[in-house]
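Take a look at the letters that make up each chain.
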Amino acid sequence: MDAPAQVLPELVLAIRPDVLAALEDLPKKLQGRAIREALKKAGSPILQEARSLVPVRSGRLQKGLKLRNKSAGKGRYAVLISATAAARAGRDEVHYQGFVEYGHRVARKATGLFRDIGRGEPTSEQINPRPYLRPAFDRNEERAVEVLSRELSDAIDAAWAR
């Protein structure tokens, strides 16, 4: 039996198909560039909030949170906010981001007096979740939509002005 895959917290922002249809009059190359830039700007407040909310011990997770373009299929665009985005860009992977966001259990071996009298049975302790990515999205969702709308509108206006 295979071990279950670790669920990593990732936030993906994508543009709805009806919005993409409104951009069809733009040249394809300009469409893609405008959409990718708008998505990155829309995701920026969420990324900043996530960095401010993440618990800091060594600072690796906080520094590792990145925003990058994500392949979402032909004619579909998205950005990814995650510490794995940094790993995919060739930086050190922060493997424990899911444990922080969702919580986990830690197994410990009993020590001291209990071990000496033969009751050194393993124990486990629940480490509570310390969510940072979901709350960052919840607090900045409306702002991200406003930024995305403004940036796409500016790109369309700039394209028509040419």
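Keep in mind it's a predicted model, so treat the numbers as computed, not measured.

(A) Structural context of the overall build of the protein. Within the protein, the regular secondary structure consists of seven helices and five strands. Along the protein, helices and strands appear, N-terminal first, in the series β-α-α-α-β-β-α-α-β-α-β-α. Taken over 162 residues, the protein has a buried fraction of 35%. Long-range pairs, those at least 24 residues apart, make up 66% of the contacts in the protein between residues at least 6 apart in sequence. Taken as a whole, the protein presents about 10,700 Å² of accessible surface, with 50% of it coming from carbon and sulfur.

(B) Representation of the pairing of strand 3 (residues 77-82) within the structure. Extensive coverage of strand 3 is indicated by the burial of six of its six residues. Here strand 3 shows no split at all, with Tyr77, Val79 and Ile81 on one side and Ala78, Leu80 and Ser82 on the other all buried.

(C) Highlighting the pattern of salt bridges. A full pass over the atoms with the stated rule returns three salt bridges. Between Glu151 and Lys41 there is a salt bridge whose closest N-O contact spans 3.4 Å. Of the two residues, Glu151 sits in helix 7 (residues 133-161) while Lys41 sits in helix 2 (residues 28-53), which places them 110 residues apart along the sequence. On the basis of relative accessibility, which here comes to 18%, the residue Glu151 falls in the buried class.

So, how was this worked out
Residues numbered from 1 in each chain as written. Predicted model: local features only at pLDDT ≥ 70, side-chain atom pairs only at ≥ 80, totals over all residues. Heavy atoms only, no water. Helix = DSSP H or I, 4+ residues; strand = E, 2+ residues; numbered from the N terminus. Buried < 20%, exposed > 50% of the residue type's maximum accessible area, 1.4 Å probe, protein only. Contact = heavy atoms within 4.5 Å. Areas by Shrake-Rupley, 256 points an atom, 1.4 Å probe, with all protein chains shown as cover. Salt bridge = Lys/Arg side-chain N within 4 Å of Asp/Glu carboxyl O.

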